[in-house]
Amino acid sequence: MDQMLDLPPPLSNEVPMMHHMINGDAPQQVILVQVNPGETFTIRTEDGALQCIQGPAEVPMMSPNGSIPPIHVPPGYVSQVTDRNGSGPCQLYCETKCESVVILTLQVSNVQSRSALVSWTSVSVSGSSGRVPSCSYELQLKDKGRDGKYKVVYSGEELQYTLTDLRPATDYHVRVSTVCNSMKGPSSDARAFTTHSAPPDTPLPPRLSHRTKSSLTLQWKPPVDNGSKITNYVLEWDEKNSIFREYYVGHQRHCKVMGLCPAVGYTFRVAALNDIGTSGFSTEVVFNTTGSLPQTSLPPRLAQAGPSWVTLEWTRPNSCSNEEVVTYTLEMQDETKVLNSLITCSGEWRSAPSSLLVCKTTPDRPGPPVNPAVNAVTYHSFCVTWGRKVNRYLIHLCLCSESQWVTLYRGPERKHLCEDLKPATSYSLRLSCVNVGGQSLCSDDLTVRTHIPPPGRCQPPSTVGNVKHKEMTLQWDGPLCGEESENVEFSLEMCAMEEGSEPTEVYCGSKTECTVGNLLPGTTYRFQVRAANSAGYGPYSESVEISTAAGPPGQCSPPAINVRSHTCADVTWEVSHSGIDISEYRLDWGRDLDSLELVYSGMETCFQISNLEASADYCCRLQAVNQAGAGPYSDLVMYRTPAAAPDVVSGFCCVDHPLNPTDNEPFSHSTCLALTWDEPHCNGAEITSYCISIGDRIFTTRNETCHIIRDLLPDSDLQIRAENEMGPGPFSQILTVRTRPLPPSPPRLECAAVGPQSLKLRWGFSSRSQLTDDTTYTLQMENRNQRFVVVYRGSSHTFKLQRLSESSQYRFRIQAVSEAGEGPFSETYTFSTTKSLPQTLKAPRVVQLEGNACEVTWESIPPMRGDRISYVLQVLGGRDSDYKQVYKGDETSFQLSGLQWNTDYRVRVFACRRCVDTLQELCGSFSPSAHFNLRRSDATLAVEADITRVPMGKTLTDEQFAGLIVFGVASLSVLMAFLNVCIKAF
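- The protein goes by Fibronectin type III domain containing 3B in an unreviewed UniProt entry, where it is assigned to Cyprinus carpio carpio.

1. Things to note about the overall build of the protein
Right, on to step 1. In terms of helices and strands, the protein carries one helix and 79 strands.
Right, on to step 2. For the protein, with 986 residues in total, the buried portion stands at 38%.
Right, on to step 3. Contacts spanning at least 24 positions in sequence make up 61% of the contacts within the protein whose residues lie at least 6 apart.
Right, on to step 4. Accessible surface, the protein as shown: approximately 57500 Å² in total, 49% of it carbon and sulfur.

2. A word on the pairing of strand E63 (residues 748-754)
Right, on to step 1. Note: E63 against strand E64 (residues 759-764), six bridges, orientation antiparallel. When the sheet's bridge partners are listed, glutamate 750 is paired in E64 with arginine 762.
Right, on to step 2. Two successive antiparallel strands, E63 and E64, enclose a turn made up of four residues.

3. Re the nonpolar core
Right, on to step 1. One finds Trp858, Tyr871, Leu896, Val907 and Phe932 to be the most contacted residues of the largest nonpolar core, which totals 21 residues.
Right, on to step 2. Elements represented by at least two residues in this core include exactly strand E72 (854-857), strand E73 (868-877), strand E76 (904-914) and strand E78 (930-933).
Right, on to step 3. Within the second largest apolar cluster, 19 residues are counted, among which are Trp573, Trp589, Tyr618 and Ala624.

4. A short note on the environment of glutamine 757
Right, on to step 1. Looking at where glutamine 757 falls in the secondary structure, it is placed in the loop between E63 and E64.
Right, on to step 2. Classification of glutamine 757 as partly exposed rests on a relative accessible area of 40%.
Right, on to step 3. Spatially, the C-alpha atoms of glutamine 757 and serine 807 are 8.6 Å apart, while their sequence positions differ by 50 residues.
Right, on to step 4. Aside from chain neighbours lying at most four places away, what touches glutamine 757 is Leu801, Gln802, Arg803, Leu804, Glu806 and Ser836.

5. Side note on empty space enclosed by the protein
Empty space among the atoms becomes apparent when a probe as large as a water molecule is rolled across them.
Right, on to step 1. Within the structure shown, the criterion is met by one cavity of 30 Å³ or more.
Right, on to step 2. Its boundaries defined by the atoms lining it, the largest cavity holds a volume of some 40 Å³.
Right, on to step 3. Together, Val655, Pro658, Leu659, Asn660, Ala674, Leu675, Thr676, Cys706, His707 and Ile708 line the largest cavity.
Right, on to step 4. Elements represented by at least two residues in the lining of the largest cavity include exactly strand E56 (673-678) and strand E59 (706-709).
Right, on to step 5. Grouping the constituent residues of the lining of the largest cavity by class yields seven nonpolar, three polar and no charged.

6. Looking at the pattern of salt bridges
Right, on to step 1. This structure, assessed with the given rule, holds 24 salt bridges.
Right, on to step 2. Between aspartate 867 and arginine 913 there is a salt bridge, with the nearest N and O atoms lying 2.8 Å from each other. Residue aspartate 867 is located in the loop between E72 and E73, and its partner arginine 913 is located in strand E76; the two are separated by 46 residues in the primary sequence. Taken individually, aspartate 867 and arginine 913 each receive the classification buried, so the pair is uniform in this respect.
Right, on to step 3. For the salt bridge of aspartate 890 with arginine 914, the shortest nitrogen-to-oxygen distance reads 3.8 Å. Taken together, the residues span a long stretch of sequence, with aspartate 890 in the loop between strand E74 (884-889) and strand E75 (893-896) and arginine 914 in strand E76 at a distance of 24 residues.
Right, on to step 4. The exposure class assigned to aspartate 890 is partly exposed, which follows from its relative accessible area of 33%.
Right, on to step 5. Accessibility expressed as a relative area gives 31% for arginine 914, which makes it partly exposed.
Right, on to step 6. Because the salt bridges share partners, they merge into one network encompassing Glu806, Lys835, Arg865, Asp867, Arg913 and Asp917.

7. Quick word on the side chain of threonine 473
Right, on to step 1. Turning to its location among the elements, threonine 473 is positioned in strand E40 (residues 472-475).
Right, on to step 2. In this structure the side chain of threonine 473 is engaged in a polar contact, spanning 3.1 Å, whose partner is the side chain of threonine 515.
Right, on to step 3. Not counting residues up to four positions away in its chain, the partners in contact with threonine 473 are Ser462, Thr463, Val464, Glu513, Cys514 and Thr515.

8. Focus on the side chain of threonine 701
Right, on to step 1. Summarising the element assignment, threonine 701 is placed in strand E58 (residues 697-701).
Right, on to step 2. If near-sequence neighbours (up to four positions away) are discounted, threonine 701 is found in contact with Trp677, Ser689, Tyr690, Ile692 and His707.

9. Here we look at the packing of aromatic side chains
Right, on to step 1. Within the structure shown, the criterion is met by 32 aromatic pairs.
Right, on to step 2. Where tryptophan 314 meets tyrosine 328, the ring centres are 5.8 Å apart and the plane angle is 50 degrees; that geometry is what we call tilted. One end of the pair, tryptophan 314, is in the loop between strand E26 (310-313) and strand E27 (327-332); the other, tyrosine 328, is in strand E27, and 14 residues separate them in sequence.
Right, on to step 3. On the accessibility criterion, tryptophan 314 (30% relative accessible area) is partly exposed.
Right, on to step 4. Positioned above the aromatic ring of phenylalanine 281, the side-chain terminus of arginine 269 is 4.2 Å from the ring centre.
Right, on to step 5. Seen from the ring of phenylalanine 825, arginine 813 lies directly overhead, with NZ or CZ sitting 4.0 Å from the centre.

10. Thoughts on the UniProt feature "transmembrane region" (unreviewed entry) in the protein
Right, on to step 1. Taking the UniProt record as the reference, the feature "transmembrane region" (unreviewed entry) is found at residues 961-983.
Right, on to step 2. Within residues 961-983, the helical portion is 100% and the strand portion 0%, while the C-alpha atoms at the span's ends are 34 Å from each other.

11. A look at the sheet that holds E63
Right, on to step 1. An order of E63-E64-E67 is seen for the three strands of this open sheet, with the pairing classed as antiparallel. Lying at the two open borders of the sheet, with one neighbouring strand each, are E63 and strand E67 (798-801). When the angles between neighbouring strand axes are averaged without regard to direction, this sheet yields 25 degrees.
Right, on to step 2. Pairing of E64 with E67, which is carried by four bridges, proceeds in the antiparallel orientation. Each bridged residue has a counterpart across the sheet, and for arginine 762 the counterpart in E67 is threonine 798.

12. A word on the state of the cysteines
Right, on to step 1. Overall, the coordinates contain one disulfide when judged by the stated rule.
Right, on to step 2. In this model, cysteine 912 is linked to cysteine 923 through a disulfide, with the two sulfur atoms separated by 2.5 Å. One quick way to see it: the torsion about the S-S bond of cysteine 912 and cysteine 923 is about 95 degrees, and its sign makes the bridge right-handed. In this pair, cysteine 912 sits in strand E76 while cysteine 923 sits in strand E77 (residues 921-923), placing the two residues 11 residues apart along the sequence.
Right, on to step 3. Look at cysteine 912 and you get buried, because its relative accessible area is 0%.

13. Comments concerning the sheet that holds strand E43 (residues 513-516)
Sheet strands associate in pairs through backbone hydrogen bonding, adopting either a parallel or an antiparallel arrangement.
Right, on to step 1. Ordered in space as E39-E40-E43, the three strands form an open sheet in which the pairing is antiparallel. Two strands lie at the open edges of the sheet, namely strand E39 (462-463) and E43, each paired on one side alone.
Right, on to step 2. Across four bridges, the pairing between E40 and E43 is antiparallel. Residue pairing across strands places methionine 472 opposite valine 516, the latter belonging to E43.

14. Thoughts on the environment of glutamine 160
Right, on to step 1. Turning to its location among the elements, glutamine 160 is positioned in strand E14 (residues 160-163).
Right, on to step 2. For glutamine 160, a relative accessible area of 45% gives the class partly exposed.
Right, on to step 3. Residues glutamine 160 and leucine 139, spaced 21 residues apart in sequence, show a C-alpha to C-alpha distance of 9.4 Å.
Right, on to step 4. Beyond its immediate stretch of four places on either side in the chain, glutamine 160 contacts Leu117, Val118, Ser119 and Trp120.

15. So, unusual backbone geometry
Right, on to step 1. One non-glycine residue, alanine 169, lies in positive phi territory at about 55 degrees.
Right, on to step 2. Its place among the elements puts alanine 169 in the loop between E14 and strand E15 (171-180).
Right, on to step 3. Backbone geometry at glutamine 786 places phi at a positive 60 degrees, although glycine is not the residue there.
Right, on to step 4. As for its position among the elements, glutamine 786 is in the loop between strand E65 (776-782) and strand E66 (788-794).
Right, on to step 5. What makes glutamine 786 exposed here is its relative accessible area of 65%.

16. Points about a nonpolar patch on the surface
Right, on to step 1. Taken together, the side chains of Leu972, Leu975, Met976, Phe978 and Leu979 present a nonpolar region at the surface, about 530 Å² in accessible area.
Right, on to step 2. Within the element layout of this structure, methionine 976 appears in helix H1 (residues 958-985).

17. Thoughts on the confidence of the model for the protein
Right, on to step 1. Looking at the protein as a whole, the pLDDT averages 79, with 80% of positions reaching at least 70.
Right, on to step 2. Contacts from residues 72-90, a stretch scored under 50 in pLDDT, to residues over four places away or in other chains number 63 contacts.

18. Considerations on the environment of alanine 535
Right, on to step 1. Along the chain, alanine 535 turns up in the loop between strand E44 (524-533) and strand E45 (536-537).
Right, on to step 2. Given a relative accessible area of 40%, alanine 535 falls into the partly exposed group.
Right, on to step 3. Between the C-alpha atom of alanine 535 and that of proline 453, which follows or precedes it by 82 residues, the distance is 5.8 Å.
Right, on to step 4. The residues touching alanine 535, leaving out its near neighbours within four places in the chain, are Ile452, Pro453 and Pro454.

Reading the values: the criteria
Residues numbered from 1 in each chain as written. Predicted model: local features only at pLDDT ≥ 70, side-chain atom pairs only at ≥ 80, totals over all residues. Heavy atoms only, no water. Helix = DSSP H or I, 4+ residues; strand = E, 2+ residues; numbered from the N terminus. Buried < 20%, exposed > 50% of the residue type's maximum accessible area, 1.4 Å probe, protein only. Contact = heavy atoms within 4.5 Å. Areas by Shrake-Rupley, 256 points an atom, 1.4 Å probe, with all protein chains shown as cover. Pairing = 2+ DSSP bridges. Core = buried A, V, L, I, M, F, W, Y, C linked by side-chain atoms within 4.5 Å. 1 Å grid on protein atoms, 1.4 Å probe; cavity = no way out; pocket = protein on both sides within 12 Å on 5 of 7 lines; lining within 4 Å. Points joined across faces, edges and corners; volume = space filled by probe spheres on them. Nonpolar A, V, L, I, M, F, W, Y, C, P; charged D, E, K, R; others polar. Salt bridge = Lys/Arg side-chain N within 4 Å of Asp/Glu carboxyl O. Polar contact = N/O pair within 3.5 Å; in protein donor to acceptor, adjacent residues only side chain to side chain. Phe/Tyr/Trp six-rings, centres within 6.5 Å; stacked < 30°, edge-to-face > 60°. Lys NZ or Arg CZ within 6 Å of the ring centre and 35° of its normal. UniProt positions renumbered as here; feature names shortened; annotations may be inferred. Axes fitted to C-alpha atoms, helices over the stretch in contact; angles between N-to-C directions. Disulfide = S-S within 2.5 Å. Patch = residues over 30% accessible without salt bridge, like charges linked within 9 Å, V, L, I, M, F, W, Y side chains within 5 Å. pLDDT = per-residue confidence, 0-100.

Printed below as a string of structure tokens:
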């Protein structure tokens, strides 16, 4: 017998509760609670906690007094009591329908000495409503060694929490519970864990138990060992300069420091060690030994500091006299801290170290960041990374857009995400490091361009103008304008409305308008369009259905062409059989299919075409048009006009040189003309000849475009025409030509001056009528290869050739050039250079010999091109007014005898060249004279040549005579040059 139980309404702020429902005769009652799959059964235990049981399950429940304890189920449950056996204990089946319950699984991981990670998982079970309530979690922690009570350490919606500030080597218990809709659920099973051991805590500073002048006895208390027994203690002391050194390592907690100075303070600190590690050092403490305090030096002072250096200074003690020698010891403790103390020494005493001076170097400016790179580029952001570690620096990231630099990031990280950027925009990046020393130089600019986003949806296509029977023109609007609209292409798809038709792309391009052809008349098509750019395709627009118009008339018959002349033709055609449906006829005419153009439209059935070319191919076609459109074109009709006489000759002109010269007949601009012209259009018949008219004379040429006319008269008028088998063409325009004057004849070439290495040539005309202002001359000389080369080109009448060989022949020829052209070359002239004279010798040397004799010596000259050299010595002495020759020969010395005492003498020498080929003797210039005077003396005296000029009354010296000759030659050259200029001007 089944019985449905009515349940009371749920209590406020609690889940619904099932009250006492069954009272039996037996002292206890057993019921089964059936939990369906996917549901959860919740019951409150005796200690007040809620226990959740997940279905499918049957939960037996027993009541000693025959009543059912309160059963907590979520809203929406249905309960019933069923007596399945008909007698005995009643059976209770509770079918719950809950919205959601969270099941928790607790886990502790990453346990350290002072922290641990607690995480839990939740499983949501959906009921009939399908809604998951919002839940939060409470994490509770209990220390087994303390009061043993749970404390809430976390409350929130995260599924994990890191416990911190834990004690090492300590047992903990942790559990978690849920809070859904302000209703706290049951707690999970507690999870126990033990933190790891750790190094000892930092001990307290050591205490002083006893001290003397040379020792200090210290003690200290053990710190907390944090789960590992303390094995050793480390005592460090600072004798000076803040540099700590180990003094004692052991397990004792006391130590006696020996060998100290009287009345000196020492700094101590202590640390503890266990198997895990070393604790931190205690706070530093200073203890002084007993005794009198010696003199202490004043601390040094910081004068100046830089990035890698410091300058210190200090003061001499006042107790030291000026005569006392004082030395100083400056100690530095650490390169990083740069702690300095000063010790003063004088005689037998040494002061205690001064107080410490703590100084720091100034920071230096950092270098720029290295290896900046850009990745993860999108159309609105990109990521910048760089390589320098910046533990003590800040990075200054600047972004440039539109020539404006903006600081985008300032911090210690090694990457930054630049967001909210414009699409398809180029940006420039540069980075710099910043510290207290300043800002580094900027890195090289890095350029990056954001991507283009895909385009948006286009507007549906629409028709432009009237829809025809086989084609229609469509247009559409692209997506919204922006950076993504650049370089956008469009794809237009068409699909017939017939069943089974597939969409076809009929247009792909950048324009927003296209014409779709090859359509069927009276047919409906569906169109849609989409846009694309470098980022991809956008969505399709909404589709639109468009129908084509009715069809145009049929194909016309080919038109007929009647010839009137080579420039005119009549075109006729028959009336279309479609009758009144024709609104007009269209006639296309052209040279070929590609050049066809409309020449007539109307209702007539004939049309005359003029201005045609002779012997040319033409074609035409006809088309009929009605209200539905134009019908197909008729078959193409070909037509060729008859041939005609050639066209007028163009490009008739005179050229400087003939295009096809012949060696048989020379060409002269004075009596000949070279003519050329462009070949005219032959008009269908090949050109056979050309006729050139010069006054009353007519010259007939072959089928050529150039010709030479000889024996012309000045100022002639010319005309030309072409001829073919159809007859002569028209004459060209009159060409007036003028012959040039004859070119000049060559001038007569003469040698004006000859030298050993030079030749001066001059030329001129016998008649002054041949001289013109624009006449230039080309002088050529034959080289070793017997080829003439140009040595001078200009308008002058003289030219001097330098650097020639002595006694050599040279061959020359000359040519005159004027406006009329280049004249002929002259006959070949031969000129020879002279032989070179020997060089001028230096002043001779005179050496006095015994008695009234002396020896004269002079320098030697090697043979010149095989010719021997001889020397002539002359002497001037006493009352003689002229030099006398005393020696001629090949030697370079000569002895003079029979000289008078205390008399002035002068000697000079010159060289002569004996020419072997001509037996001619060429003598050089006199050397400077050497002056000497014989004096009576026992020792032989050397008399050096006196090159300086000695005045000798009104008689000219050799130097003065030579200068006079040079002046005369120079004056004569100037006079000849002046006369030459006057002749040219005349």
